[in-house]
Amino acid sequence: VLFRSNYYLFYLFSCIQYMDAILQFFIDWGYLGMFISAFAAGSILPFSSEAVLVACIGLGLDPVLSTIAATAGNVGGEMTCYWMGHLGKREWIEKYLKVEKGKLEKAERFIHGRGAWMAFFSFIPIIGTAVVVVLGLMRSNTWIVLLAMTLGKALRYIIIVWGVLEASSLIK
């Protein structure tokens, strides 16, 4: 039992070091790193662009430019998921995007009748990508999806940046 718990601790420590290295890489690249990390987080990759955004602002990068880079990258990643849904079949989406059939059906029922403006909620963890993929499958209006998604993601990043700036002003 002791061997297993040591193994798990080693594995957890290795994962943390790996994530720290990736996070540091994105931070070192500044606005481009912010864009790339947000793109990765907006796609099917499990990543937190918020951590990179907070770190970049903490290191002195301009909050407005950081927000623009994060929003553009995250929208780009989600639009990739939209196009995968638009071009794909349900089986591909379940297999390659790892979206469970139940979540896909739940998202489709939720979206049905509400339309492309549901892309505004693509910032919601877990279900956001499924919503966007379903919008692609349903061939929703690309321009409305893009606009709604951009508004939702920008609002989320603006709130995060505002929170970071407010918290840092309290600490000073």
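Residues numbered from 1 in each chain as written. Predicted model: local features only at pLDDT ≥ 70, side-chain atom pairs only at ≥ 80, totals over all residues. Heavy atoms only, no water.

Q: Please clarify how the side chain of Ser-37 should be interpreted in this entry.
A: Structurally, Ser-37 can be placed in helix 2 (residues 30-42). Within the local environment of Ser-37, its side chain forms a polar contact with the backbone oxygen of Met-34, the two atoms lying 3.0 Å apart. For Ser-37, the residues in contact, after removing those within four places along its chain, are Phe-26, Phe-47, Ser-49 and Val-52. (Helix = DSSP H or I, 4+ residues; strand = E, 2+ residues; numbered from the N terminus. Polar contact = N/O pair within 3.5 Å; in protein donor to acceptor, adjacent residues only side chain to side chain. Contact = heavy atoms within 4.5 Å.)

Q: I'm lost on the environment of Asn-141 in this one. Help?
A: Mapped onto the secondary structure, Asn-141 falls in the loop between helix 7 (127-137) and helix 8 (142-171). Classification of Asn-141 as partly exposed rests on a relative accessible area of 40%. In this structure, the C-alpha to C-alpha distance between Asn-141 and Trp-117, residues 24 residues apart in sequence, is 9.2 Å. Ignoring anything within four residues of it in the chain, the contact list for Asn-141 reads Tyr-82 and Ala-116. Engagement of the side chain of Asn-141 in a polar contact is seen with the backbone nitrogen of Trp-143, the distance being 2.9 Å. A polar contact is formed between the side chain of Asn-141 and the backbone nitrogen of Ile-144, at a distance of 3.1 Å. (Buried < 20%, exposed > 50% of the residue type's maximum accessible area, 1.4 Å probe, protein only.)

Q: What is the right way to read the nonpolar core from this model?
A: Soluble, globular proteins show a tendency: their nonpolar side chains are buried together. In this structure, Leu-135, Val-145 and Met-149 are the most contacted members of the largest nonpolar core, which totals 21 residues. Only helix 4 (63-87), helix 6 (101-111), helix 7 and helix 8 provide two or more residues apiece to this core. Considering every element that reaches this core, the biggest residue donor is helix 7, with seven residues. Dropping the residues within four chain positions of it, Met-149 is found in contact with Val-75, Glu-78, Met-79, Ala-119, Phe-120, Ser-122 and Val-132. Counting residues in hydrophobic clusters, the runner-up holds 14 residues, among them Phe-26, Met-34, Ala-38 and Leu-53. (Core = buried A, V, L, I, M, F, W, Y, C linked by side-chain atoms within 4.5 Å.)

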